Amino acid sequence: RALRRSHRRSYQVEKVLREKLNFVSGGMAGVTSRTITSPLDVVKILAQVGTADTKAGFLKTFSNVYTNEGVRAFWKGNGIACIRLFPYSAVQFAAFNKLKVMMADKETGRLSALNAMAAGSMGGISATVMTYPTDMVKTRLTAQHASKEKAHYKGILDAFRVILRDEGFLAFYKGMSTSIIGVIPFAGGTFMAYEVLDKAWNKPKSEMTPMENFINGCLAAAFAQTFSFPFDTIRKKLQAQSKALAGGGGVDVEFSGMSDAFIQTVRKNGLLGLWSGTTANLAKVAPYAGLMFMSFEASKRICLYLNGYTESPWRDTPIPGIDQGLKPGELKEFLAKQKK
């Protein structure tokens, strides 16, 4: 009974984290984890596209990229990735938490596995559609050479300008259908696994430590990414492919669409070719998701504390006498009246 009351208190605290705070917390979480894991993401994308540097294997790719392009190459596309990730992570977490409030058990605030997957999938789809052009440009910037003298695009704005001029507006949405299909098992599976793992600790969210949130995020993402990775591989090939670029954008197979990309990739590289880059991806996505969920929970607690709901930025313990159902503006008015 005490644990159930604690779950209810945690749920009431979470309800006050309205859209604006979820947006900020999710954005901070995404940018932090993306920058830290950028080298792994670069190696993953190059392997998926099929560039020459990746043919010798996972570890050798790091050496090849460093030798040919220098240390800056490991942060190719990180600027546009962060620009994309703040709204992506923010929209994803905000949409998920809004749906969670609507679909969760009213007593405990917990989601069933099916509802968690549905809410996670809808959050992922919403974020993907809203930010897709930036993801396409990120792939192009990552696939090209890090040297400005050898690069086809001179920067983020130049990439948008050149792609629009040479390939048209619809080029920014190349591979989006594949991305939406893939985001359902990935985003849905990640949030479903995260909610299930939350229950395994047998304690309310307010009492979970950053390390426990990190472990949950790592395991959840590793589980989901394994099943959805082939869609991500094809998406990267579709995004990178361009007749306007030398060598077709560095893609290792020629194809005419999503289905043909699957066929040609399997024909040339075998079935496991759909998982090309998965070692780098798992090495990246597990700590990335762990950092993201941990950063989100930490940012959320800081936001709740700064807005006057909780006693500490480290725990979700509500301040006695504060109505946890008040919106941030309403709480400020309430506190102002209390001081008079």
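Residues numbered from 1 in each chain as written. Predicted model: local features only at pLDDT ≥ 70, side-chain atom pairs only at ≥ 80, totals over all residues. Heavy atoms only, no water.

Mind laying out the overall build of the protein, listing which residues take part and the relevant values?
Scanning the protein from N- to C-terminus turns up 12 helices and 0 strands. Put simply, the protein runs from its N terminus to its C terminus through helices and strands in the order α-α-α-α-α-α-α-α-α-α-α-α. Against the globule reference of 20 Å for 340 residues, the protein gives a C-alpha radius of gyration of 22 Å, in line with a compact fold. Once the C-alpha set of the protein is aligned to its principal axes, its extents read approximately 70 × 40 × 35 Å. (Helix = DSSP H or I, 4+ residues; strand = E, 2+ residues; numbered from the N terminus. Rg over C-alpha atoms; globule rule 2.2 N^0.38 Å.)

Give me the environment of Asp252: which residues, what numbers.
Tracing the backbone through its elements, the reader meets Asp252 in the loop between helix H9 (210-240) and helix H10 (258-269). Asp252 sits in the buried class, given a relative accessible area of 15%. Each C-alpha atom, one on Asp252 and one on Pro230, is 15 Å from the other, the two residues being 22 residues apart in sequence. Leaving out residues up to four positions away in the same chain, Asp252 has contacts with Val49, Gly50, Lys55, Lys237, Lys268 and Asn269. (Buried < 20%, exposed > 50% of the residue type's maximum accessible area, 1.4 Å probe, protein only. Contact = heavy atoms within 4.5 Å.)

Give me the side chain of Thr134: which residues, what numbers.
Topologically, Thr134 is positioned in helix H6 (residues 113-143). We classify Thr134 as buried; its relative accessible area is 16%. In this structure, Thr134 is in contact with Ile80, Arg84 and Phe160, ignoring residues within four places of it in sequence.

Break down empty space enclosed by the protein for me, citing the residues and quoting the values.
Over the atoms a probe the size of a water molecule is rolled, and this reveals where empty space is left. Applying the stated criterion across every chain, the model contains 3 cavities of 30 Å³ or more. Empty space within the largest cavity amounts to approximately 570 Å³. Lining the largest cavity are 35 residues, and of these Arg84, Tyr88, Phe186, Gln225 and Arg235 sit closest to its centre. Among the elements of the structure, helix H3 (38-49), helix H5 (78-103), H6, helix H8 (176-200), H9 and helix H11 (278-306) are those that each provide at least two residues to the lining of the largest cavity. For the lining of the largest cavity, the class distribution of residues is 14 nonpolar, 11 polar and 10 charged. (1 Å grid on protein atoms, 1.4 Å probe; cavity = no way out; pocket = protein on both sides within 12 Å on 5 of 7 lines; lining within 4 Å. Points joined across faces, edges and corners; volume = space filled by probe spheres on them. Nonpolar A, V, L, I, M, F, W, Y, C, P; charged D, E, K, R; others polar.)

Tell me about the packing of aromatic side chains, and please be specific about residues and values.
Applying the stated rule across the entire model yields 8 aromatic pairs. Taking the ring centre of Tyr88 as reference, the NZ or CZ of Arg84 above it sits at 4.5 Å. (Phe/Tyr/Trp six-rings, centres within 6.5 Å; stacked < 30°, edge-to-face > 60°. Lys NZ or Arg CZ within 6 Å of the ring centre and 35° of its normal.)

Which residues make up the packing of H8 against H11, and what values go with them?
Between H8 and H11, the shortest axis-to-axis distance is 13 Å and the interhelical angle comes to 60°. With respect to H11, the axis of H8 lies oblique. The chirality of how H8 crosses H11 is right-handed. Between H8, through Phe186, Thr190, Phe191 and Tyr194, and H11, the contact on the second element is made entirely by Val285, Phe293 and Glu297. Residues belonging to the contact of H8 with H11 are distributed by class as follows: 5 nonpolar, 1 polar and 1 charged. (Axes fitted to C-alpha atoms, helices over the stretch in contact; angles between N-to-C directions. Parallel < 35°, antiparallel > 145°, perpendicular 65-115°, else oblique. Left-handed = near helix turned anticlockwise from the far one by under 90°.)

I'd like a rundown of H3, residues and numbers included.
If you check H3, its first and last C-alpha atoms are 17 Å apart, about what 12 residues at 1.5 Å a residue would give, namely 16 Å. Listing the buried residues of H3 in full gives Ser38, Pro39, Leu40, Asp41, Val42, Val43, Lys44, Ile45, Leu46, Ala47, Gln48 and Val49. Positive backbone phi, approximately 100°, marks Gly50, located one or two places after H3. (Expected span 1.5 Å × (residues − 1).)

Mind laying out the confidence of the model for the protein, listing which residues take part and the relevant values?
Of all residues in the protein, 91% have pLDDT values of 70 or greater, and the mean over the chain is 82. The lowest-confidence element of the protein is helix H1 (residues 2-15), averaging 50 in pLDDT; the highest-confidence one is helix H7 (residues 156-167), averaging 95. (pLDDT = per-residue confidence, 0-100.)

So what's going on with the pattern of salt bridges? Residues and values would help.
One pass over the structure, following the stated rule, counts 15 salt bridges. For the salt bridge of Asp41 with Lys138, the shortest nitrogen-to-oxygen distance reads 3.5 Å. A residue pair is termed long-range when its members are at least 10 positions apart, and Asp41 in helix H3 and Lys138 in helix H6 qualify at 97 residues. When sorted by exposure, Asp41 lands in the same class as Lys138, which is buried. (Salt bridge = Lys/Arg side-chain N within 4 Å of Asp/Glu carboxyl O.)

With reference to specific residues and values, describe the packing of H3 against H11.
Contact geometry for H3 and H11: axes closest at 8 Å, N-to-C directions at 150°. When the interaxial angle is binned, H3 and H11 end up roughly antiparallel. Seen along the crossing, H3 lies across H11 with a hand that is left-handed. Touching Leu40, Asp41, Val43 and Lys44 of H3 are Ala280, Asn281, Ala283 and Lys284, all from H11. Of the residues in the contact of H3 with H11, the class split is 4 nonpolar, 1 polar and 3 charged.

Got a sec to walk through the side chain of Arg140? Specific residues and values, please.
Within the secondary structure, Arg140 sits in helix H6. With residues up to four places along the chain from it excluded, the contact list for Arg140 reads Tyr153, Ile163, Glu167, Lys174, Gln239, Ala240, Gln241, Ser242 and Leu245.

Quick rundown of a nonpolar patch on the surface? Include the residues and the values.
A cluster of nonpolar side chains, namely Trp201, Met211, Ile215 and Leu219, defines an oily patch on the protein surface of about 360 Å² accessible area. Structurally, Trp201 can be placed in the loop between H8 and H9. (Patch = residues over 30% accessible without salt bridge, like charges linked within 9 Å, V, L, I, M, F, W, Y side chains within 5 Å. Areas by Shrake-Rupley, 256 points an atom, 1.4 Å probe, with all protein chains shown as cover.)

Talk me through H6; I want residue IDs and the actual numbers.
For H6, built from 31 residues, the straight-helix expectation of 45 Å at 1.5 Å per residue is missed by more than 12%, its first-to-last C-alpha distance being only 37 Å. At Thr131, H6 shows its maximal kink, close to 70°; a proline, Pro133, follows between one and four residues later. (Bend = angle between axes of the 7 residues up to and from the residue.)

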